[in-house]
Structures are given as structure tokens and as C-alpha cells.
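Coordinate analysis (summary)
What follows is the residue order along each chain.
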Amino acid sequence: MQHDKVLILDFGSQYTQLIARRVRELNIYSEIHPFNKIPTNIDDYKAVILSGSPFSVRGDEALHPDLSDIRAKKPLLAVCYGAQYLAHFSGGNVAPSNTREYGRANLSYIKESEAFFKGISEGSQVWMSHSDTIKELPTNGELLASTHDVQNAAYKINRETTFAIQFHPEVYHSKDGKQLLENFLIGIANVTPDWTPNAFVEETVEDLKAKIGNDKVVLGLSGGVDSSVAAILLHKAIGKNLYCIFVNNGLLRKNEFESVLKQYEGMGLNVKGVDASARFLDALAGESDPEKKRKAIGRAFIEVFDDEAHLIEDVTWLAQGTIYPDVIESVSATGGPSATIKSHHNVGGLPDFMKLKIVEPLKALFKDEVRRVGASMGMNKELLGRHPFPGPGLAIRILGDITAEKVRILQEVDAIFINGLKEWDLYDKVWQAGAMLLPVNSVGVMGDERTYEKCVALRAVESTDGMTADWVNLPYEFLQKTSNDIINKVKGVNRVVYDISSKPPATIEWE
């Protein structure tokens, strides 16, 4: 791809992906690489950004990037840890802050006529997250901005195109963060903003044609946005040589298998639906551990997919809807892989015996970019607007072991909840929603009789990419009606609760 690129060096910050997304929102292509694995083709990047970090530059475990090919050679923006790193190791001084500044702050001073702060006024709200502070600027450093508690909130290094900020422009709460990134990347670094959905489609289709040629490709459709957009891109490139398989694992939403197949009919794709419900339920029989349930589903999917792929002669490629957050190599607090919270929803990889090459047309995109690419290709708005749904399906929304009866109960509950969101015009105001079947029974009264039945938890969150999420304040009237409908219409449920925890500390799914 012939685009100006921005390199983001990751020091383990929880906000690093947000930096990349904010840069992409400016129609500029960005890549994340670990601080200790700087690409050798550094000349291919027009500018570099240093991320924040949970480390202290004063500590024995401070992270030390080799910036010899970057400093004074490339436009450089250092954020938080990056700003402290440049100060501490370039003639300045970083010390513990008397008062830890975390959260909202306001710029109380901005250097007049500074291009870096073009369009940004004093009083602009920024987001701080640090316990150290820059006491003295580095050699040739010049102060650009301050807050009430942080004197050296922003600075530049004269005779270099190097800028540093103590706050986080990538976080939503920094109101002018996008403007500041635009000032640096477009106004100062002269990066061309030509990373657009239409350009991505055109270039990706040509790349797929060149890579695949006349080979056959098999793709596992999920009914979700990622695999559907991947399918359309591949169809544009190779047409009838794309074979799509949509597997019903028995853990989909109510009537979803039939409705998704019908939806695909109008897209010109070659889609085969495979009902393997019994196979998956057998594989899950008696298993309660969340990770083991995920792995059992993954194994069953591979077996089903392998059986179906072998029915197609001379298949060479497996296509996957992998997106950028799935493939970013992150850095943990010890410099190694980040801690695993749970196995990824995607299959991830295939056993050697399948002998298929992998093609991942979306691996450079974030979720919101996938939707924009789909929209640029004229895809159905309803499909593009679908909430994310976990690969293991309802198996990780049924806490404990899986039975056909539990699946039935949760499908009915989920259908009432999701259909209600649509009827009340709330669906598009929610990023993801679903119901959880809890492994507890509670006492109730129905028709003057005692009941002892299941409890379900409803969950609705707002987010942009799933990395962080806030619970949605749904109207009480909606929750009241939904609860009544569930209890009255779904046999086996006598109690409904609403989950009001955010991510972090909770996750979106319960397992």
C-alpha cells in the first residue's frame, strides 16, 4: 500500500490501541510495534509516536528504546512515558509527583502562535494518568503548555521535530486530542491523510487477486460483521472460487441460523449452511469450566470445518475475518506477552493436517474501520450494525454446564431482550447486548404457587472497540417491560437482573 505510515511504539500502555485508532480517524495509516522491536524499514514511516507505559523511567525496569534512527531524523511525538523518557535520559529531570494526577485536567497555559496547539485554547480539557512528573525539561527543551498541577505538560525540542506531552490525546476525555494529533501529523509532519475505506477496498481486492490467482478459498462465516466484510472483499477478487461455510453450533441466537442464511442469499455469495448442533452439544456435555468449553467448541468447529472443506476439491486457502486488535503484539509489565484474560473468540489457527494457507484481508483494520469498509461497498446496514457476538455463542453466556434445555431458555430470553431493544429504538444506541443464564435458582411466586427457577442477567454496554465499555442506562420502563415479558413468557425463569458493571474491572461477557 502506497500510503504515508505512522509508527507507534508500544511501551505497554492500556491506551496504545486508542492512539492507533485516533490516527486512523484522521485517514492516516498507523501501525503498532513493541518498543524493543522497531521495524528495520524505518524509512517507510513518515512519523513516530511513543506511547505511555505502566513503568517509571526512574525504575530499574525502565523500558529503553533505541531511538538512534528516529530522534532528529523523523517527526516524533512522545506521549506520557515517552515524554518522561525523553526528559529523563536527555538532560532533564523526572521525579515523583507530590500529588498524583489522574483524570481530567485543563491547560492553564499554551505558548502563543505554536503550530502544535493550533485551534486549541487555554482551558482545554486533557486526560492525565501519571505518578511521576517532569521537573526539568531535556536539553534544548522549550515549554509549550502547562496545567494547574503540571508545569511541564507539553514541550518541544528545538532543532528537532520532536514534541512531547504529559497527557493522553488519544483518550476521549481529551477534548481537543484529535485536533492536536492532526496538528502534529498533518500540519507539522506533513503526513498525507489518504487512508480511506474506498482506497482500502481497491488496494485489497488487487492484492487478493495477485496473491490467490485461480486458487479456491474456503471461509467460515459467522454471520457477524468481520467475516461478512471479508467474504465480500474476497468475492470481489475471486468470485466463484470463494466457498463460504456457515456452521450452526447450536449456540446461536433464536432462529439465527435460518435468518443469517437468508440474509446472505441477496449478497451473491456461495454459502453452504451446516447444522452441527448435536455435535457441539455432545462435545460440551458435562463441561462447566469456561476455558474448557471454549476449547471444546474450537475443536468441534475445526472437525466440522475440516469435514466440509474436504468436500470441496483442491482448496488451497482458508480465509479468516481476523482484525488488527487480534494480531497486535503487545507488551506486558515484564516485557513479555500480555496476560491472557480468556482464549480469543476466533479459532485462531488450524491443525497441521488441514494444510491450508491463511488469507486475512481485514488484519490491518479496527472494528469501526471494518464497518466503514463494508458501508463503502454498499453492504446491508442491518448486517453492518449488528452487535458483536462471541464465537462460542451462548455457551459462554450459560454459566456452568450446557444442556439443550438451558440453550432453549437463554435463546428465548435473548430474543425478548434484543427484539425489545429494536422495538424501543435502543438497539443502535448499544454497542453490544445479551443475556446470561446464571447457575442459581431463586424462590418466586407465580399464580399463588411457590417457584424455584432460574435467574437471568441482562447486559448492555456502549463502546467503540470493546477494549473499554460502560453499561448503558436503559430506561426503567423498558427494563420493567422486558423483565415482565421474560418471566411471563419463558418457562423456567422467575427472576431478571441488570448488570451495571463497566469494563474494566468487569469484562463484557461473564465467561
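So, a few notes on the structure that sits alongside this text. None of the values given here were measured: they were computed from a predicted structure. (Residues numbered from 1 in each chain as written. Predicted model: local features only at pLDDT ≥ 70, side-chain atom pairs only at ≥ 80, totals over all residues. Heavy atoms only, no water.)

**A word on helix H8 (residues 290–309)**
We count it as follows: Counting from the N terminus, the helices are the DSSP runs of H or I reaching at least four residues and the strands are the DSSP runs of E reaching at least two. A helix is expected to span 1.5 Å multiplied by its residue count minus one. Here, two residues are considered to be in contact whenever any of their heavy atoms come within 4.5 Å of each other. Contacts described as polar in this section are N or O atom pairs within 3.5 Å, which, within protein, must combine one atom able to donate a hydrogen with one able to accept it, while residues neighboring in sequence count only if both atoms come from side chains.
Along its 20 residues, H8 runs 28 Å from first to last C-alpha, staying within 8% of the 28 Å computed at 1.5 Å per residue. Among the structural elements, strand E10 (216–221), strand E11 (242–248), strand E12 (271–275), helix H7 (277–284) and strand E13 (315–319) are those in contact with the buried residues of H8. Residue Asp289 occupies the N-cap position of H8, its side-chain oxygen lying 3.1 Å from the main-chain nitrogen of Glu291.

**Observations concerning the packing of aromatic side chains**
Threshold: Aromatic rings from Phe, Tyr and Trp, taking only the six-membered ring of Trp, are treated as a pair when their centres fall within 6.5 Å; an angle between ring planes under 30 degrees marks them as stacked, one over 60 as edge-to-face, and anything in between as tilted. Whether a charge sits over a ring depends on NZ of Lys or CZ of Arg being within 6 Å of the ring centre and within 35 degrees of the ring normal.
Applying the stated criterion across every chain yields a total of 15 aromatic pairs. Plain terms: the ring middles of Phe246 and Phe257 are 5.5 Å apart, the flat faces sit at 35 degrees to each other, and that makes the pair tilted. Of this pair, Phe246 sits in strand E11 while Phe257 sits in helix H6 (residues 256–265), and the two are 11 residues apart along the sequence. Chaining the aromatic ring pairs together yields one cluster made of Phe11, Phe35, Tyr81, Tyr85 and Phe89. Positioned over the ring face of Tyr45 is Lys5, at 4.8 Å from the centre of the ring.

**Side note on the sheet that holds E12**
Note the following rule: The pairing criterion for strands is at least two bridges between them, as found by DSSP. Between N-to-C directions, angles cover 0 to 180 degrees, with each direction set by a line fitted to C-alpha atoms, over the stretch in contact for helices.
Read from one edge of the open sheet, five strands run E12-E11-E10-E13-E14, paired in parallel fashion. Either end of the sheet is taken by a strand with one partner, and the two such strands are E12 and strand E14 (357–359). Looking at each pair of strands side by side, their axes are set apart by 30 degrees on average, direction ignored. Sheet topology note: the E13/E14 ladder contains three bridges and is parallel. Paired with Trp317 across the two strands is Lys357, which belongs to E14. Together, E10, E11, E12 and E13 form the strand contacts of H8, whose direction differs from that of E11 by roughly 140 degrees.

**As for the environment of Glu202**
Quick note on the threshold: Each residue is assigned to one of three classes by its accessible area relative to the maximum for its type, calculated with a 1.4 Å probe on protein chains only: buried under 20%, partly exposed between the two thresholds, exposed over 50%.
Mapped onto the fold, Glu202 is located in helix H4 (residues 197–212). Judged by its relative accessible area of 57%, Glu202 is exposed. For the pair Glu202 and Lys236, spaced 34 residues apart in sequence, the C-alpha to C-alpha distance is 9.8 Å.

**Here we look at the nonpolar core**
Spelled out, the test is: Buried residues of nine kinds, namely Ala, Val, Leu, Ile, Met, Phe, Trp, Tyr and Cys, make up a nonpolar core once their side-chain atoms join them within 4.5 Å.
Counting 48 residues, the largest nonpolar core has Val413, Leu421, Leu474 and Ile486 as the members making the most contacts within it. The element that contributes the greatest number of residues to this core is helix H12 (residues 404–423), accounting for eight residues. Other than its neighbours up to four places away in sequence, Ile486 contacts Val413, Ile416, Val456, Leu458, Val493 and Val496. Counting 41 residues, the second-largest nonpolar core is a separate cluster that includes Leu252, Tyr264, Val370 and Leu383.

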